[in-house]
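# Observations on the model geometry
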Amino acid sequence: AQSVTQLDSQVPVFEEAPVELRCNYSSSVSVYLFWYVQYPNQGLQLLLKYLSGSTLVESINGFEAEFNKSQTSFHLRKPSVHISDTAEYFCAVSRGGSNYKLTFGKGTLLTVNP
Amino acid sequence: DAGITQSPRYKITETGRQVTLMCHQTWSHSYMFWYRQDLGHGLRLIYYSAAADITDKGEVPDGYVVSRSKTENFPLTLESATRSQTSVYFCASRGTSGGNNEQFFGPGTRLTVL
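Residues numbered from 1 in each chain as written. Chains lettered and ligands numbered in written order. Predicted model: local features only at pLDDT ≥ 70, side-chain atom pairs only at ≥ 80, totals over all residues. Heavy atoms only, no water.

### Topic: the interface of chain A and chain B
- Taken together, the contacts link 23 residues of chain A with 22 residues of chain B.
- Regarding the contact of chain A and chain B, the summed buried area is about 1,700 Å², with carbon and sulfur atoms giving 54% of it.
- Looking only at chain A, the three residues that lose the most surface to chain B are A:Leu44, A:Tyr100 and A:Phe104, adding up to 32% of its buried area.
- In this structure, the connection of chain A to chain B is made through zero salt bridges.
- Summed over the shared surface of chain A and chain B, the number is two residue pairs in polar contact (both at pLDDT 80 or more).
- Elements with a minimum of two residues in the side of chain A that touches chain B: β5 (31-38), β6 (44-50) and β10 (87-95) of chain A.
- A class-by-class count of the residues in the side of chain A that touches chain B yields 10 nonpolar, eight polar and five charged. (Contact = heavy atoms within 4.5 Å. Buried area = accessible area lost by both parts, 1.4 Å probe. Salt bridge = Lys/Arg side-chain N within 4 Å of Asp/Glu carboxyl O. Polar contact = N/O pair within 3.5 Å; in protein donor to acceptor, adjacent residues only side chain to side chain. Helix = DSSP H or I, 4+ residues; strand = E, 2+ residues; numbered from the N terminus. Nonpolar A, V, L, I, M, F, W, Y, C, P; charged D, E, K, R; others polar.)

### A closer look at the confidence of the model for chain B
- Scored by pLDDT, chain B comes out at a mean of 92, with 95% of its residues at no less than 70.
- At the level of individual helices and strands, chain B shows its lowest average pLDDT in strand β10 (residues 104-105) of chain B, which scores 91, and its highest in strand β8 (residues 76-78) of chain B, which scores 98. (pLDDT = per-residue confidence, 0-100.)

### A closer look at the packing of aromatic side chains
- Throughout the structure, instances matching the rule amount to 15 aromatic pairs over all chains.
- Taking 6.4 Å as the distance between ring centres and 20 degrees as the angle between the ring planes, the aromatic pair formed by B:Tyr31 and B:Phe33 counts as stacked.
- One aromatic cluster is present, formed by A:Phe34, A:Tyr36, A:Phe90, A:Phe104, B:Tyr31, B:Phe33, B:Tyr35, B:Tyr48 and B:Phe105 through successive ring pairs. (Phe/Tyr/Trp six-rings, centres within 6.5 Å; stacked < 30°, edge-to-face > 60°.)

### Overview of the state of the cysteines
- Under the counting rule described, the total for this entry stands at two disulfides over all chains.
- The disulfide that involves A:Cys23 links it to A:Cys91, with 2.0 Å between the sulfurs. As the torsion about the S-S bond is roughly -65 degrees, the A:Cys23-A:Cys91 disulfide counts as left-handed. Linking A:Cys23 in strand β4 (residues 23-26) with A:Cys91 in strand β10, this pair joins segments that are 68 residues apart in sequence.
- Assessed through its relative accessible area of 0%, A:Cys91 is described here as buried.
- Shown here is the disulfide that connects B:Cys23 with B:Cys91, its sulfur atoms set 1.8 Å apart. Residues B:Cys23 and B:Cys91 share a disulfide whose torsion about the S-S bond is about -75 degrees; that sign makes it left-handed. Taken together, the residues B:Cys23 in strand β3 (residues 19-25) and B:Cys91 in strand β9 (residues 87-94) connect sequence positions 68 residues apart. B:Cys91 shares its class with B:Cys23; the two are buried. (Disulfide = S-S within 2.5 Å. Buried < 20%, exposed > 50% of the residue type's maximum accessible area, 1.4 Å probe, protein only.)

### With respect to the pairing of strand β1 (residues 3-6) of chain A
Residues and elements named next belong to chain A.
- Here β1 shows a buried face lined by Val-4 and Gln-6 and an unburied face lined by Ser-3 and Thr-5.
- Here β1 runs beside β4; their pairing, made up of four bridges, is antiparallel. Residue pairing in the sheet places Thr-5 in a bridge with Asn-24 of β4. (Pairing = 2+ DSSP bridges.)

Given below as C-alpha cells:
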C-alpha cells in the first residue's frame, strides 16, 4: 500500500514570493503522482501529474513539481505567487500501471497575503 | 449539464435517519468514487466502483452503502446517520484510457448530522 505525507499543513506567504509545498510518498512499486487544488467551497481540480518521462512537470498557471525517486518526493513550487493562488493543495499517489485508486495527503493550505 | 454533478449540495439531517447523496456523470466513465473530506484527514475513500454492478470498499466504508445500477449514477446511502458522518462528501469519476489516472471531482455535498 502507498501513503502520502504533506509536511506542512499551512503555508502563509506574501504575494510575489516563491513557495514550495512539500510532498513525500511511500510505495514499494512504481507510482503515478498528482497535485490537486481546491479553491474555497469547490471540488478538487487536477493541477499537474507525473506518469512517466520527464521528472519535471508544469501546470498552465506557473506551478511545477519534480518527481525525485531517490528521495520519494514530489514537491510543488511556484516562483512568484498571486493572491488567487490561495487554496488547499493535495498531493496524491496511485500505483503505476492500471491501478485506479488514489491515496491523498492531508492537504496544505496555502494563504497568499498582500 | 456535462460533467459530474452532486445533489444535494447541502443537507442537514438528524441522527438515525437515512440519507442518500446522489452523484451523476455524463462522460460514461467506468470508475466512480466516493470520498469524505474532514479537517486534518484530507480525503479518504469510502467506496468505489469499477463498472455498473461492481463496487468495493475503500478506507472508511462502515456506515455507508452504495449501488451502481447504471454507469452514470453512483448514489451513497447513510443507512442510519451518526454525528461522526458530518463531513463534506465528494464524488469522482475516471475513465479507463491508458495510464491516465486523472479523477474528475464533483462540487461536493456538505452534510451535517445533528
